[in-house]
Amino acid sequence: MAADPNDKTKVLQPSELDGEHLRKGHAALVVLKGAEIGRDFRLRRGTTVIGRGLDADVRLPDDLASREHARLEYTWDPATGTSSFVLIDQKSTNHTFVNSRRVERAALEDGDKIRIGTTVLKFLVLDDIETKFHEEVRSRITYDQLSGLLTRESLEMALEQELKRSKAYGLTLAVLMMDLDRFKKVNDAHGHPTGSRVIAEVGRLILESIRAADVSARYGGEEFMAYLAEATPLGAMQAAERVRRSIEEYTFRVDDVAIRITISIGVALFPGHGRDIKTLVARADKALYRAKKAGRNRVCLEPSRRTTGKTRKKRTGTDG
């Protein structure tokens, strides 16, 4: 068959090539080993604190990491037009290592591996394409594609690490089980695509209502879950109430349809209600059931004393 004379490769002039997207400029730390493997932390100008404390900019759920283990200092040299990141150990208990060498202070280079406790981070300077690649990989591995929250499996893996830390240091922790009220009516009245849009917005509202250090997930269907590290009973109830109120007051708009919906939330606490994931989730789920039974659109804290008698059967209805 003769070649099509019009089938020619387009020739671009050098000025037309988009080199901007290939310029290295986004510095990040990527977790190679640890509880949040695959996660990348975009670094900003100024100071970045790394540690297991709630206030750390790069928070590592690692028992061997100090609360403020190390810090990264960003510097800019106007004479050369270059930037750099310097890693500084904060007199940590178990020290900071770069490429297996203990350091007090080290200027990082692209590809350097940092070990803090049992966590290994890789320092990378990414171009736009590499940045989007890492974001996509991370998203596909650990995030629910609809809500934007963690998957149930990813949250439980992170919660397991957080529970170990809480036990080791005598810290508290709260688990929130959340379920949209009568969500079946939304799907029945407006269709599943509209219901999916509502789920996506609920995920965003949950994220905006809790602290950056707190972790949330889509548990399944219209159910959500979150855990709050180092949370007091009052702090947990206040966080749950922020979530409840934000959803109650929000108008979900899909095309020309305005939808109002509410959420019920059950709260359980470590160590008072349990010392493992299964028990804590069951106790939070029991409190959630009480919230539903009491009229929905409310927050219920599981009683401190251990109750006896019949346990609630798993909900089988879809009109929650």
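Residues numbered from 1 in each chain as written. Predicted model: local features only at pLDDT ≥ 70, side-chain atom pairs only at ≥ 80, totals over all residues. Heavy atoms only, no water.

### Quick notes on the overall build of the protein chain
Basically, it comes down to this: Secondary structure elements follow DSSP: runs of H or I of four or more residues count as helices, runs of E of two or more count as strands, with numbering from the N terminus. Classification of residues uses two cut-offs on accessible area relative to the type maximum, computed with a 1.4 Å probe and protein chains only: under 20% is buried, over 50% is exposed, and between them is partly exposed. By definition in these notes, contact holds between two residues if any of their heavy atoms fall within 4.5 Å. For the accessible areas, the method is Shrake-Rupley and the probe is 1.4 Å, while residue cover comes only from the protein chains on display.
Across its full length, the protein chain carries six helices and 19 strands. With 320 residues in all, the protein chain has 44% of them scored as buried. Long-range contacts, defined as pairs at least 24 residues apart, comprise 58% of the intrachain contacts of the protein chain with a sequence gap of at least 6. Accessible area for the protein chain stands at about 17,600 Å²; split by element, carbon and sulfur atoms hold 51% of it.

### Looking at the packing of helix α4 (residues 192-209) against helix α5 (residues 233-248)
To keep it simple, the criterion reads: The axes used here are C-alpha line fits, helices contributing only the stretch in contact, and every angle between their N-to-C directions lies in the interval 0 to 180 degrees. Any angle that falls under 35 degrees is termed roughly parallel, while one over 145 is termed roughly antiparallel, one within 65 to 115 roughly perpendicular, and all others oblique. The handedness criterion is simple: a crossing whose near helix is rotated anticlockwise from the far helix by less than a right angle is left-handed, and one whose near helix is rotated clockwise is right-handed.
Where α4 meets α5, the closest approach of the two axes is 9 Å, and the angle between their N-to-C directions is 140 degrees. As judged from the angle between their axes, α4 and α5 are oblique. Helix-helix and strand crossings are classified by hand; for α4 and α5 the assignment is right-handed. Counting all contacts with α4, which are made through Val202, Leu205, Ile206 and Ser209, the residues of α5 involved are Ala239, Arg242, Val243, Ser246 and Ile247.

### Side note on the pattern of salt bridges
Formally: A side-chain nitrogen of Lys or Arg and a carboxyl oxygen of Asp or Glu constitute a salt bridge if their distance falls within 4 Å.
Considering all chains together, one arrives at 19 salt bridges under this definition. The closest approach of N and O atoms between aspartate 144 and arginine 218, which form a salt bridge, is 3.5 Å. Here the residue aspartate 144 occupies a position in the loop between α1 (128-142) and β12 (150-151), and arginine 218 occupies one in strand β14 (residues 215-220), the gap between them amounting to 74 residues. Residue class for arginine 218 comes out buried when judged on its relative accessible area of 19%. A salt bridge links aspartate 188 to lysine 184; the shortest N-O distance between them is 2.7 Å. Of the two residues, aspartate 188 and lysine 184 are both situated in helix α3 (residues 183-190); the distance of four residues between them amounts to about one turn of the helix. The class of aspartate 188 is exposed, set by a relative accessible area of 54%. Salt bridges here are not isolated pairs; linked through shared partners, they connect Arg59, Arg67, Glu162, Arg165 and Glu230.

### With respect to the sheet that holds strand β10 (residues 113-116)
What counts is decided by this rule: For two strands to be treated as a pair, DSSP must find at least two bridges joining them.
If you trace the six strands from one edge of the open sheet to the other, you get β2-β1-β11-β10-β7-β8, paired in antiparallel fashion. Looking at which strands have only one partner, the edges of the open sheet turn out to be β2 (40-42) and β8 (101-103). Pairs of neighbouring strands in the sheet enclose a mean axial angle of 30 degrees, with direction left out of account. As paired strands, strand β7 (residues 96-98) and β10 are joined by three bridges and run antiparallel to one another. Its bridge partner being in β10, threonine 96 is matched across the sheet by isoleucine 116.

### Focus on α3
Here is the rule we go by: As used here, the arc belongs to the directions running from the helix axis to the C-beta atoms.
Looking at α3, one finds that the buried residues are Phe183, Val186 and Asn187. Buried residues of α3, seen end-on, are gathered within an arc of 95 degrees and therefore sit on one face of the element. Opposite the packed face of α3, turned more than 90 degrees from it, sit the exposed residues Asp188 and Ala189. Trailing α3 by a residue or two, glycine 191 shows a phi angle of about 95 degrees, which is positive.

### What to know about the packing of α3 against α4
For clarity, the cut-off: Amino acids are sorted into nonpolar (Ala, Val, Leu, Ile, Met, Phe, Trp, Tyr, Cys and Pro), charged (Asp, Glu, Lys and Arg) and polar (every other residue, Gly among them).
Two elements in contact, α3 and α4, have axes whose closest approach is 7 Å; the angle formed by their N-to-C orientations is 135 degrees. Put simply, α3 runs oblique to α4. Along its contact with α3, which presents Phe183, Val186, Asn187 and His190, the element α4 presents His192, Thr194, Gly195, Val198 and Ile199. A per-class count over the contact of α3 with α4 returns four nonpolar, five polar and no charged.

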